Amino acid sequence: MKTVVLVLFGMIALLGTARVYSSWANSRVIDELRDKPDGERARRVMLLTLPSGKQIPVNYLREGDTVYAAADFPWWRELRGGGGPGSVLVRGETLGGHVRAVEDAPELRSSVFEQLRPTAPLWTGTLIKIELDPN
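These lines cover the structure that appears in this document, whether it is placed above or below. Keep in mind the model is a prediction, meaning the values are calculated, not measured.

Here we come to the packing of aromatic side chains. This model, assessed by the stated rule, comprises 0 aromatic pairs. One Lys or Arg, Arg117, reaches over the ring of Phe113 and ends 5.2 Å from the middle of that ring.

What follows deals with the pairing of strand β6 (residues 126-132). Most of β6 is tucked away: 6 of the 7 residues are buried. Alignment of strand β5 (residues 93-102) against β6, held across 6 bridges, turns out to be antiparallel. In the sheet register, Val99 faces β6, and the bridge partner there is Ile130.

Read around the closed barrel, 6 strands run β1-β2-β3-β6-β5-β4, paired in antiparallel fashion. Taken pair by pair, the neighbouring strands of this sheet meet at an average axis angle of 45°, ignoring direction.

This part covers the environment of Arg77. By secondary structure assignment, the location of Arg77 is in the loop between β3 (66-71) and β4 (84-90). In this structure Arg77 comes out as exposed when scored by relative accessible area, which is 51%. Sequence spacing of Arg77 and Arg100 is 23 residues, and the spatial spacing of their C-alpha atoms is 9.3 Å.

Attention now moves to the nonpolar core. Soluble globular proteins tend to bury their nonpolar side chains together. Counting residues in each nonpolar core, the largest one holds 20 residues, and the members touching the most others are Met46, Leu48, Trp75, Val88, Ile128 and Ile130. Taken together, the elements giving at least two residues each to this core come down to β1 (45-49), β2 (55-63), β3, β4, β5 and β6. Excluding its chain neighbours within four sequence positions, the residues that come into contact with Met46 are Leu33, Ile56, Pro57, Val58, Tyr60, Val67, Ala69, Val88, Leu89, Val90 and Ile130. Counting residues in each nonpolar core, the second largest holds 8 residues, with Tyr68, Val102, Val112 and Leu116 among its members.

On to the pairing of β1. Extensive coverage of β1 is indicated by the burial of 5 of its 5 residues. Neither face of β1 is exposed, since Val45, Leu47 and Thr49 on one face and Met46 and Leu48 on the opposite face are all buried. Bridge count for β1 against β2 is 5 bridges, and the pairing is antiparallel. Note that in β2 the partner of Met46 across the bridge is Val58. Linking β1 to β2, which pair antiparallel, is a turn of 5 residues; within it Gly53 sits at a positive phi near 100°. By the bridge criterion, 3 bridges tie β1 to β4 in an arrangement that is antiparallel.

Rules used in this analysis
Residues numbered from 1 in each chain as written. Predicted model: local features only at pLDDT ≥ 70, side-chain atom pairs only at ≥ 80, totals over all residues. Heavy atoms only, no water. Phe/Tyr/Trp six-rings, centres within 6.5 Å; stacked < 30°, edge-to-face > 60°. Lys NZ or Arg CZ within 6 Å of the ring centre and 35° of its normal. Buried < 20%, exposed > 50% of the residue type's maximum accessible area, 1.4 Å probe, protein only. Helix = DSSP H or I, 4+ residues; strand = E, 2+ residues; numbered from the N terminus. Pairing = 2+ DSSP bridges. Axes fitted to C-alpha atoms, helices over the stretch in contact; angles between N-to-C directions. Core = buried A, V, L, I, M, F, W, Y, C linked by side-chain atoms within 4.5 Å. Contact = heavy atoms within 4.5 Å.

In structure tokens form, the structure reads like this:
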């Protein structure tokens, strides 16, 4: 019983540490995206603002008025169904649009992921599509 409690406590501590580190690392990336819009990282990472207001740095692929991203963590669940309004910060430019998770187009997902994340396993991630406002 004592071993189980120690293992459980260790796992909780490890998850808490990972969450704090992730938050710290994300804040550093967000600062860099804002401070260096022409930097190396800004060429491949954008800042996505979800309908809830949460901001997440993610790799992106832009094709005209559409921007794609991949999600490996559960933050994308708020984008199920119809999604909602959001924005992206791409190379210093903030663009509004409609953000949604694409769960019903495996061919689109495959073709985008081949360009966006060619070295990742094909079965991982959810495709995120941002249709930018034309204004």
